[in-house]
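Overview (structure and organization)
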Amino acid sequence: MTTCEQTLANSSDVPVYLKLAAVTMIWGGTFVAGRFLADSLSPLLAASLRFLLASVALLLFLLLARVPLVRPSPRQWLQLTLLGFFGIFFYNLCFFYGLHYINASRASLIVALNPAVIGLASWLLFKERLSGAKVAGIAICIAGASLVIVSRNPQLLAGGTDAWIGDLLIFGCVLGWGIYSLFSKGLNQTLGPVQTVTYSILLGTLMLWVTSAVRGELSVAALAELGTQQWLSLMYLGVLGSALAYIGYYDGIRKIGATRSGVFIALNPLTAVLFGALLLGEQLTLVMCLGGGLILAGIFLCNKPLAQAAKRGIL
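So, a few notes on the structure that sits alongside this text. (Residues numbered from 1 in each chain as written. Predicted model: local features only at pLDDT ≥ 70, side-chain atom pairs only at ≥ 80, totals over all residues. Heavy atoms only, no water.)

Turning to the overall build of the protein chain, a few remarks are in order. A tally of regular secondary structure across the protein chain gives 16 helices and zero strands. Expressed as a percentage of the 315 residues in the protein chain, the buried residues total 48%. Contacts spanning at least 24 positions in sequence make up 90% of the contacts within the protein chain whose residues lie at least 6 apart. When the accessible area of the protein chain is evaluated, it comes to approximately 15100 Å², of which 70% is carbon and sulfur surface. (Helix = DSSP H or I, 4+ residues; strand = E, 2+ residues; numbered from the N terminus. Buried < 20%, exposed > 50% of the residue type's maximum accessible area, 1.4 Å probe, protein only. Contact = heavy atoms within 4.5 Å. Areas by Shrake-Rupley, 256 points an atom, 1.4 Å probe, with all protein chains shown as cover.)

Structure below.
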């Protein structure tokens, strides 16, 4: 590939970067929205409602856009069920129940390992080449995210005797999201991001609701007591934080790969802090700003194509 062709390819990726940044900003806002629901609904019922709204939003989108749901093959159904289980059902169970044992900041620190896990798994399973720039970018992203999280709550490493259970559960989130990110590649190419996300969320939502029913956590009384703020939070979590954001993330994976898309997840704690400062009056510190700068530098380094280095075989 010539330098001119490389430059054109790079410029065509800019909309993808902007979309992934927007997705991360939306996911950062879900932490704030989740706070408004924490005292109103059980974790499992909240997750079930979130993805029910996401399912409705996706089906309405397909209806308005006049995009029919395709009929997956038996192999594709198996793959979609795998994505729905790990990306929706398993992830949410690990996340919500993990928070019973450890605080949100400590959980965020573990979730910040996502880019490294996705990059390593891509290299091991799919032979995706990890350049020195990508490895350095991932490491800098994790360092920046850690700075943001630790400076927000210096006591996050404090935990009770059962804290290891919470750590293990939250690391289950990392594994679940890694599987959801990596094993979508073939489906993204054949079904497309919209169909893949729709089916995986529908299947994951079904699993959540069946589990809620079996555990006896479906409560009409709890729904009747929800106020406007809680319903708006659920709408944000379901429509923006799940339906639209998942499509944007999958589209990014389809266009630039799981590793380069995955590093944008490091923006989650940064955007959560910014939303907390804007909406909840939380204080921003110099260390937080430094961590944010490291995150942005890491994302840039991981996604910055170095044409000359590529020619020398370094990348």
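A few words now on the pattern of salt bridges. Counted by the stated rule, this structure contains four salt bridges. Its salt-bridge partner being E217, residue R215 comes within 3.0 Å of it at the nearest N-O pair. In this structure R215 comes out as exposed when scored by relative accessible area, which is 51%. Linking D251 and R254 is a salt bridge whose minimum nitrogen-to-oxygen distance equals 2.8 Å. Taken as a pair, D251 and R254 lie in helix 12 (residues 228–256) at a separation of three residues, close to a single helical turn. D251 sits in the buried class, given a relative accessible area of 8%. Where salt bridges share partners, they join K19, D251, R254 and K255 into one cluster. (Salt bridge = Lys/Arg side-chain N within 4 Å of Asp/Glu carboxyl O.)

The next subject is helix 12. Two residues of an α-helix separated by three or four positions point the same way, owing to the 3.6 residues in each turn. Between its terminal C-alpha atoms helix 12 stretches 39 Å, which fits the 42 Å expected from 29 residues at 1.5 Å a residue. Largest kink in helix 12: about 35°, centred on A245. In the segment just after helix 12, G257 is the residue with positive phi, at about 95°. (Expected span 1.5 Å × (residues − 1). Bend = angle between axes of the 7 residues up to and from the residue.)

As far as function goes, none of this settles anything; it's purely spatial.
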